[in-house]
Amino acid sequence: MTRYDVEEATAYRVAREISLEGLSSWRAAVAPYFAPGRVVLDLGAGTGLFVRAFGAWFPEVSVVAVEPSADMRRASGLGMLAGDAGAIPLPDASVDVVWMSTVVHHVRDLPAAGVEVRRVLRPGGVVVLRSLFRERHHGIGVFRFFPEAVRALSGFPTVGEVADGMGFVVDRLEAVAQVTALSLADKASTLRQEADTLLRSLSAAEFEAGRERLLAAAEVESGPVVDHLDLLVLRTVGAV
Ligand SMILES: C[S@@+](CC[C@H](N)C(=O)[O-])C[C@H]1O[C@@H](n2cnc3c(N)ncnc32)[C@H](O)[C@@H]1O
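Fair warning: this is a prediction, and the values are worked out from it, not measured in the lab. (Residues numbered from 1 in each chain as written. Predicted model: local features only at pLDDT ≥ 70, side-chain atom pairs only at ≥ 80, totals over all residues. Heavy atoms only, no water.)

Colleague: Would you take a moment to explain the pattern of salt bridges for this structure?
Modeller: Between side chains of opposite charge, a pair can form as their charged atoms come close. This model, assessed by the stated rule, comprises 12 salt bridges. Close ionic contact of Arg-119 with Asp-92 constitutes a salt bridge, the shortest N to O distance being 2.8 Å. Of this pair, Arg-119 sits in helix α5 (residues 110-120) while Asp-92 sits in the loop between α4 (70-76) and β3 (95-101), placing them 27 residues apart in sequence. One network of salt bridges, in which partners are shared, links Asp-92, Glu-116 and Arg-119. (Salt bridge = Lys/Arg side-chain N within 4 Å of Asp/Glu carboxyl O. Helix = DSSP H or I, 4+ residues; strand = E, 2+ residues; numbered from the N terminus.)

Colleague: Please clarify how unusual backbone geometry should be interpreted in this entry.
Modeller: Only a minority of non-glycine residues have a phi that is not negative, and only a minority of peptide bonds are not trans. Phi at Ala-93 is positive, roughly 45 degrees, even though this residue is not glycine. The residue Ala-93 is located in the loop between α4 and β3 in this model. The exposure class of Ala-93 is partly exposed, given its relative accessible area of 39%. Backbone geometry places Thr-102, a non-glycine residue, at a positive phi of 45 degrees. When you line up the elements, Thr-102 lands in the loop between β3 and α5. (Buried < 20%, exposed > 50% of the residue type's maximum accessible area, 1.4 Å probe, protein only.)

Colleague: What is the right way to read the sheet that holds strand β4 (residues 121-131) from this model?
Modeller: Whenever strands of a sheet pair, they do so through backbone hydrogen bonds, lying parallel or antiparallel. Ordered in space as β2-β1-β3-β4-β6-β5, the six strands form an open sheet in which the pairing is mixed. Each edge of the open sheet is held by one strand with a lone partner, namely β2 (62-66) and β5 (168-181). On average, adjacent strands in this sheet sit at an angle of 20 degrees to one another, irrespective of strand direction. Where β5 lies against strand β6 (residues 225-236), 12 bridges are found, and the strand directions are antiparallel. Note on β6: the bridge partner recorded for Gln-178 is Asp-227. Against the sheet, α5 touches β1 (39-43), β3, β4, β5 and β6, its axis set at about 130 degrees to β4. (Pairing = 2+ DSSP bridges. Axes fitted to C-alpha atoms, helices over the stretch in contact; angles between N-to-C directions. Contact = heavy atoms within 4.5 Å.)

Here it is, written out as structure tokens:
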């Protein structure tokens, strides 16, 4: 499991948190699973980006957040439970949706996570993931400036590895656009190597060269920065 300390948790909030407007395509993409009255577990909730987003978008949904890092829990400023995918501190059959945003590549024991997730899900419940997958990297804008970062994807599971490993079946898979910054200049100003799994894999020289390319492009290009991550919805085997 990756550990996030205080500095990383703070860098994470600066570098990784996107505005709620920037995430509006995600709101539309997940809306079918967030009907009023549903209970959603945000597993690996980090600094609470989606706890806040779901609270604003779907006020009639209850969100419970579980996060293993004490520093992330503290940085979130929200009430979160300590736990992780292998030990979820919730009763059996207590949630309708397990939301995992950019978490599954941290989970070392997918079968154990599958057992825990199935235990807490109610019948007919779904796992909704927002992630990168090893075999799907075409919409990731950061590779334009930091081509070597594609190496880091080797540490990510494929869609099949996640579904089979957790013991679920794929119900839906699609790339969802998000505005990650209002401009390249904005992106450059919040760039933090230590906060991004993809950038962390770069040497200092590779990171600096990429930053220079990004700054040069920011001089001549305006307009929002659009990236894609995948939405993967998993259902239990046999569910319709
Ligand atoms: C990249 S952050 C994503 C945070 C948040 N979900 C978001 O989208 O902003 C990954 C988070 O997963 C947590 N994490 C790492 N290993 C985990 C595990 N085995 N189970 C649950 N969460 C885990 C980390 O502590 C970290 O907060």
